[in-house]
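Overview (structure and organization)
If you want the building blocks of each chain, they are given just below.
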Amino acid sequence: MSQLSRPDVEKVHVGRRAFLGLVALGAAGVAFGGSVQRFVSSKVGSGLGGLLPGGDHFRIYTITGSFPYVSRRKYRLKVSGLVDHPATFTLDDLEAMPALTMVKDFQCVTGWRVTNVHWKGVRLSDLLANAGVQPGAVAVSFDSYDGADSESLTLDQAHLADVMVAYEMLGAPVTLEHGGPVRLVVPQMYGYKSLKWLSAIRVVDRVEPGYWEQNGYPVNGWLDGATGNTNPNPSLT
Amino acid sequence: MSTAAPARPSPVMTLVRFDAVQRTAHWVNALAFGVLIFTAIPLYFGSFFGVVFERHTIQMIHLWTGVFLPVPILVSLAGPWGRRMRADLRRATVWTRREVRWFRTLGRTPLDADKFNPGQKANIIFVGAAIVVLFATGYILQWFRFFPVSWREGATFTHDVFAFVVFAVVVGHIYMALTHPGSLASMFTGTVDERWAARNAAGWLNEERAADAAPAPSPGAAPQRPGGSDERA
């Protein structure tokens, strides 16, 4: 009896193997998960399937813990600082300007990305040109309706052809949680540079590091591969 | 069905299943997992429901609970107080071929269960590995600057996938605990009686009886089943 059951009671290091196997699986996930994610998101899109790991879905961040609501009618964008013609824009004013549409991946610095986000809005460079940037200006600072967030770009960065003040996202007005009615979009940089609930544009004589930069993020939030010098030349409609 | 003579009025032998160190480690770990899961839900699904919440606070709670997560396990394994913890970890990781077969056939082959059945052992191994993976990927997500963006994407994906599986395993674990009151009670009291052991961990019971047999032959130790207790290394 006990002779027959010998092979049964022989010890196997199942635990060590399974443990190392799972950890290796995790390491493979880190190495190749980005590709898997892109494949999965191309299959499941951003609907309910977007809730699964790998699906396209935004993770909503706010600094203050709430979303500052401004109605579309009461929305104002103030352009001021070292400019010849300080101005305040309503949403109608912005929508009356030449519109830019572009489709860009949205890449968060923490590692999630949403592919092919459709944006519509006004080129920041158009707003700056209308305002007339004065000599001595070096950078542009941005304020948010949430009263806490801020961002900045150098004048060169602000003039990139794909830096946009957006009022439409994915074919509809930018929703409150995504920074509506109007937000900044800087597609060549990580998402934190794309300030939500944009309330003011100030042309200034030095780079004022924004909220996230004061909390340790790089002031120049370039994505890997973004040169910032080559204009992606998005289509103008 | 194999419970031999359960109606005997003799004092029932009590076995220590978990000592105080193990119980403390388990419940602190359980609390940490609970906090992590409850904070993960709004962090993950917040965008879908457009929920308004104190995200930064929740994020910080999630982060520091995650950093703390391995502590109870590591502390309970280290030092002279971790003798039982280490012994049980060895039990969970070294299987017999019979246990492997039991696990593969989902419990349809015979088994004189060890202190933990193969399902419980698999749970211990999985949770251990998941903690390592979630800790490492969480580290990459939080201190991302040291890692290339492709790693961050992979870490996000892996963290999410493992979190989903861990959630399912934790739900299963709680379900099994609630449907097995004797097992659950032992995580509070530390002990099980011999009838529970005969039903759920016959191999372990035989082992404990053999260890007890020499110093004080208790009345309960009388009926030794032949051939069942040779699984000791």
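Residues numbered from 1 in each chain as written. Chains lettered and ligands numbered in written order. Predicted model: local features only at pLDDT ≥ 70, side-chain atom pairs only at ≥ 80, totals over all residues. Heavy atoms only, no water.

With that out of the way, let us pick up the overall build of chain A. For chain A, the count of helices and strands is 6 helices and 11 strands. Looking at chain A as a whole, 53% of its 237 residues qualify as buried. Sequence separation of 24 or more characterises 65% of the internal contacts of chain A that already satisfy a separation of 6 or more. Surface exposure of chain A reaches about 10,600 Å², of which carbon and sulfur atoms provide 56%. (Helix = DSSP H or I, 4+ residues; strand = E, 2+ residues; numbered from the N terminus. Buried < 20%, exposed > 50% of the residue type's maximum accessible area, 1.4 Å probe, protein only. Contact = heavy atoms within 4.5 Å. Areas by Shrake-Rupley, 256 points an atom, 1.4 Å probe, with all protein chains shown as cover.)

Next up on the list: the packing of aromatic side chains. As enumerated under the stated definition, the model contains 15 aromatic pairs over all chains in all. Ring centres 6.5 Å apart and planes at 70° place the aromatic pair W64 of chain B and W143 of chain B in the edge-to-face group. Of this pair, W64 of chain B sits in helix 2 (residues 55–68) while W143 of chain B sits in the loop between helix 6 (118–142) and helix 7 (149–179), and the two are 79 residues apart along the sequence. For W143 of chain B, a relative accessible area of 29% corresponds to the partly exposed category. A network of ring pairs unites the aromatic residues Y192, Y211, W212 and Y217 of chain A together with F144 of chain B as a single cluster. (Phe/Tyr/Trp six-rings, centres within 6.5 Å; stacked < 30°, edge-to-face > 60°.)

The subject of this paragraph is helix 10 (residues 202–213) of chain B. Residues and elements named next belong to chain B. The terminal C-alpha atoms of helix 10 lie 16 Å apart, and with 12 residues this matches the ideal 16 Å at 1.5 Å per residue to within 8%. Within the sequence span of helix 10, burial applies to A202, G203, W204, L205, N206, E207 and R209. Looking at the buried positions of helix 10, the neighbouring elements they touch are strand 1 (14–16), helix 4 (83–93), strand 3 (191–193) and helix 9 (194–200). (Expected span 1.5 Å × (residues − 1).)

All names here are of chain A. Judged by nonpolar contacts, the single largest core of 33 residues is most densely connected at L94 and I201. Considering each element in turn, this core owes the most residues, 4 residues, to helix 4 (residues 124–131). Sequence-distant contacts of L94, that is, excluding residues within four places in its chain, are made with Y75, L77, F89, V122, L127, Y167 and V182. With 26 residues, the next largest nonpolar core counts I63, F106, C108 and Y190 among its residues. (Core = buried A, V, L, I, M, F, W, Y, C linked by side-chain atoms within 4.5 Å.)

Evaluated as defined, the whole model comprises 12 salt bridges over all chains. One salt bridge in this structure joins D143 of chain A and R202 of chain A, with 3.0 Å as the shortest N-O distance. Taken as a pair, D143 of chain A in strand 6 (residues 139–144) and R202 of chain A in strand 11 (residues 198–204) lie far apart in primary sequence, 59 residues in all. Where E151 of chain A meets K193 of chain A, a salt bridge forms, and the shortest distance between an N and an O atom there is 3.1 Å. A residue pair is termed long-range when its members are at least 10 positions apart, and E151 of chain A in strand 7 (residues 150–154) and K193 of chain A in the loop between strand 10 (183–185) and strand 11 qualify at 42 residues. Taken together, the shared-partner salt bridges connect D88, R91, E99, D114, K115, K121 and E207 of chain B into one network. (Salt bridge = Lys/Arg side-chain N within 4 Å of Asp/Glu carboxyl O.)

Residues and elements named next belong to chain B. Mapped onto the fold, N29 is located in helix 1 (residues 20–49). Of the residues examined, N29 reaches a relative accessible area of 12% and is grouped as buried. With residues up to four places along the chain from it excluded, the contact list for N29 reads L69, P72, I73 and I131.

Two numbers describe a pair of packed helices, the interaxial angle and the distance between the axes. All names here are of chain B. In contact at an axis separation of 8 Å, helix 4 and helix 6 are set at 110° when each is read in the N-to-C sense. Judged by the inter-axis angle, helix 4 sits roughly perpendicular to helix 6. Of the residues in helix 6, those in contact with L89, R91, A92 and T93 of helix 4 are K121, I124 and I125. (Axes fitted to C-alpha atoms, helices over the stretch in contact; angles between N-to-C directions. Parallel < 35°, antiparallel > 145°, perpendicular 65-115°, else oblique.)

Now for the pairing of strand 4 (residues 100–107) of chain A. All names here are of chain A. Among the 8 residues in strand 4, 6 count as buried, and that is most of the element. Inspection of the sheet shows strand 4 paired to strand 5 (residues 113–123) by 7 bridges, in the antiparallel sense. When the bridges of strand 5 are listed, V103 appears paired with H118. Connecting strand 4 to the antiparallel partner strand 5 that follows it, the hairpin turn spans 5 residues, and G111 within it adopts a positive phi of roughly 115°. (Pairing = 2+ DSSP bridges.)

Right, let's get into the confidence of the model for chain A. All names here are of chain A. Looking at chain A, the pLDDT average stands at 84 and 84% of residues meet or exceed 70. Confidence over residues 1–5 falls short of pLDDT 50; this stretch has 3 contacts with residues more than four positions distant or in other chains. Contacts of residues 229–237 to residues separated by more than four positions or lying in other chains number 19 contacts, the stretch itself having pLDDT below 50. (pLDDT = per-residue confidence, 0-100.)

Next up on the list: the environment of V203 of chain A. All names here are of chain A. Looking at where V203 falls in the secondary structure, it is placed in strand 11. For the pair V203 and P86, spaced 117 residues apart in sequence, the C-alpha separation works out to 10.0 Å. Once residues lying within four places of it in the same chain are set aside, the contact partners of V203 are S80, G81, L82, V83, L128, V133, A137 and A139.

With that out of the way, let us pick up the sheet that holds strand 11 of chain A. All names here are of chain A. Strand order in the open sheet formed by 5 strands is 3-2-11-6-7, and the pairing between neighbours is mixed. One side of each edge strand has no neighbouring strand; the edge strands of this open sheet are strand 3 (87–89) and strand 7. Neighbouring strand axes in the sheet, compared pairwise and without regard to direction, differ in orientation by 20° on average. As defined by bridge partners, strand 6 adjoins strand 7 across 5 bridges and the pair is classed as antiparallel. Paired with F142 across the strands is E151, a residue of strand 7. Strands in contact with helix 4 are strand 2 (77–81), strand 3, strand 6, strand 7 and strand 11; relative to strand 11, the strand with the most contacts, it is inclined by about 60°.

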